[in-house]
Each structure stands twice: as C-alpha cells, then as structure tokens.
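Next come the chains, spelled out residue by residue.
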Amino acid sequence: MKKNYQNIEEDIKHFVNKELKDNLREVNDWVQDVTKGKVMMIKLDLNEKDWAVLKELAKIEGKTVQEFTNEAVIDYLRRKSPV
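Okay, so let's go over this structure. As the structure is a computational prediction, the values presented were derived from the model and not from experiment. (Residues numbered from 1 in each chain as written. Predicted model: local features only at pLDDT ≥ 70, side-chain atom pairs only at ≥ 80, totals over all residues. Heavy atoms only, no water.)

Description of the layout of surface pockets
Now for step 1: In this model, the largest pocket occupies a volume close to 810 Å³.
Now for step 2: Surrounding the largest pocket, 18 residues form its lining, Lys38, Met40, Ile42, Gln66 and Asn70 being those nearest its centre.
Now for step 3: At the level of elements, α1 (2-35) and α3 (65-80) are the ones that each hand at least two residues to the lining of the largest pocket.
Now for step 4: Its residues placed into classes, the lining of the largest pocket shows 11 nonpolar, four polar and three charged. (1 Å grid on protein atoms, 1.4 Å probe; cavity = no way out; pocket = protein on both sides within 12 Å on 5 of 7 lines; lining within 4 Å. Points joined across faces, edges and corners; volume = space filled by probe spheres on them. Helix = DSSP H or I, 4+ residues; strand = E, 2+ residues; numbered from the N terminus. Nonpolar A, V, L, I, M, F, W, Y, C, P; charged D, E, K, R; others polar.)

So, in structure tokens, the structure goes:
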C-alpha cells in the first residue's frame, strides 16, 4: 500500500512542478510584454447588445473575446494605417 501512495505523491509533485513552471513562464512572458509596452488594458464602452454580439462573433470564430478583439484591432489598424 505504501508504494502506491509514494507513486501518487511523486506524480502529484511532478504535475504541480510542471504546472507551476508553465504558469511562471507565462507570467514572465506577460511581464516582458508589459515592460516593452505591448500590453494594454482597455475598457470597451459597449452596451449589452454590442457585448453579446462581440461574444457571439468570438464564439463563431472559435476564439476567446480577447483573441477576437485583438485580431479585430490589428485588422482595423492595417486597413486604416497610412503606413
């Protein structure tokens, strides 16, 4: 019985260590982007209908609202940019 518990404990430790490393790596990437000015928090002034449309469009595209909004902003900038 003790052997099984040791294996489970080792599996849990391995899983937690891997997850923590992955999460810390992701946090580090975000911090690097923030220090480079690549992260911006914005408040979209949308009414409930517009918010519902945004969520539905993201869902149709198979993206999160953040991914969809990011791509929409990039697309808009490319179309409107004089450069």
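Considerations on the pattern of salt bridges
Now for step 1: If you walk through the whole model with that rule in mind, you get six salt bridges.
Now for step 2: The partner of Glu61 in a salt bridge is Lys63, with the nearest N and O atoms 3.8 Å apart.
Now for step 3: Classification of Glu61 as partly exposed rests on a relative accessible area of 46%.
Now for step 4: Between Arg79 and Asp75 there is a salt bridge, with its nearest N and O atoms 3.1 Å apart. Here Arg79 pairs with Asp75, and both are found in helix α3, just four residues apart, close to one helical turn.
Now for step 5: Given the relative accessible area of 56%, Arg79 is considered exposed. (Salt bridge = Lys/Arg side-chain N within 4 Å of Asp/Glu carboxyl O. Buried < 20%, exposed > 50% of the residue type's maximum accessible area, 1.4 Å probe, protein only.)

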